[in-house]
Amino acid sequence: MGPPTRQLIVKIHSRCNLSCDYCYMYESIDQSWRTRPTTMSPATITAVAARIREHARVHDLRDLQVVLHGGEPLLAGHAGLEAALAEIRAAFPAARFAMQTNGILIDERFLELFHNYGVRVGVSVDGDRAATDRHRRYANGRGSYDRIAAGIELLMRPENAPVYGGLLCTIDVRNDPGAVFDGLLAFRPPRVDLLLPHGNWTTPPPDHERPGAYGEWLIAVFERWYGRRPEPTRIRIFESIIARLFGLPSGTESIGGDEPGIVTIETDGTYEQSDALKTTAEGGPATGLDVTAHSLDDVLEHLAVAAPYLLSAQCRACPVVAVCGGGLRAHRFSATNGFDNPSVYCTDLFALISHIGRRVRADLIQAAAVDR
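Residues numbered from 1 in each chain as written. Predicted model: local features only at pLDDT ≥ 70, side-chain atom pairs only at ≥ 80, totals over all residues. Heavy atoms only, no water.

**Observations concerning the environment of R57**
Structurally, R57 can be placed in helix α1 (residues 42–59). We classify R57 as exposed; its relative accessible area is 58%. (Helix = DSSP H or I, 4+ residues; strand = E, 2+ residues; numbered from the N terminus. Buried < 20%, exposed > 50% of the residue type's maximum accessible area, 1.4 Å probe, protein only.)

**Looking at the environment of L352**
The residue L352 is located in helix α12 (residues 346–371) in this model. Along the chain, L352 and A95 lie 257 residues apart, while their C-alpha atoms are 35 Å from each other. Not counting residues within four places of it along the chain, the set of residues in contact with L352 comprises L218, I219, I237, F238 and I241. (Contact = heavy atoms within 4.5 Å.)

**As for the packing of α1 against helix α9 (residues 296–306)**
Running from amino to carboxyl end, α1 crosses α9 at an angle of 75 degrees, the nearest separation of the two axes being 9 Å. Between α1 and α9, the angle is such that the two are roughly perpendicular. Residues R51, I52, H55, V58 and H59 of α1 form the contact with α9, whose own contacting residues are L296, D297 and L300. Taken together, the residues that form the contact of α1 with α9 break down as four nonpolar, two polar and two charged. (Axes fitted to C-alpha atoms, helices over the stretch in contact; angles between N-to-C directions. Parallel < 35°, antiparallel > 145°, perpendicular 65-115°, else oblique. Nonpolar A, V, L, I, M, F, W, Y, C, P; charged D, E, K, R; others polar.)

**Concerning the pattern of salt bridges**
Within the structure shown, the criterion is met by 23 salt bridges. R36 serves as the salt-bridge partner of D268, at 3.3 Å between the closest nitrogen and oxygen. On the criterion of sequence distance, the pair formed by D268 in the loop between β8 (262–265) and β9 (270–272) and R36 in the loop between β1 (7–11) and α1 is long-range, its members being 232 residues apart. The salt bridge involving D207 is made with R210; its shortest N-O contact spans 3.6 Å. In this structure D207 comes out as buried when scored by relative accessible area, which is 15%. For R210, a relative accessible area of 43% puts it in the partly exposed group. (Salt bridge = Lys/Arg side-chain N within 4 Å of Asp/Glu carboxyl O.)

Structure below.
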């Protein structure tokens, strides 16, 4: 038996109240969401809770992060969310809850639930108004920034600091990196995730015809962030790269090449791999397993055989492979040879890692000279 899962993503609602044009859930090649229940049923939640209890007992777990996700998880409503939280907490009292939401529906009752169950809430927003409304729109084309900002402002209240997890920003290189950085920091987030838009060699990301554009954009943000030290806002991709430069574990599956150890459960109770694989092929993340018939160890053992984390020969020969680990697995996909490729963001990651390495090493040399 292998190691336990370290993070469980539970899809309690499979629809959304926004129509973001870059969404991997609804706009990618995998359209399996259309055949799934809108909301996870009470019976499925009970089965999920039982599998968590079983997994915790088998591995003598002291904690496990359970991320409530969607779609938009708050569409499950106050009662639906509370029922899911209560069931899982009763099954495994040490569960640590997190949630990723667009923030639009956050209200006082949801905030009460977040506090009662210790839910750390991340909100998806792409920076300032212009950057956010470029992609994060309602189905009628209207921008969502004002409603998202109102939800974040509730989390920014001092009393809500224990449940404010941070922000997730999907990068668009057409947006000014400085304006995006300032727009995010205006919300005083404890942490920011900068997400490369999901793409691969068969379905390239936007602006892929400009090699290195994403690396340049991230370097510009890094310089703004690194130059403001000490900075209360953590940016996970930068911290993960710095950690890997010193041989420490990464904080994200997109950097470092560690076995993901993340299991997703859809609203119908089926187990899936990373959501990013929805961008590779119809049924890309599917495992064929479900919570009714299979344990979490069953799915982990299945993934170890069916989806091994192997690197291409080009990656293995790269001088920064110990840092990037090949990047996110979904970004290495090609319809012609599967995942036997470097990341579609290889040029960008190489430039970013090299830049951060030079900056950090220069600081260490300077610090050593001062201490002499």
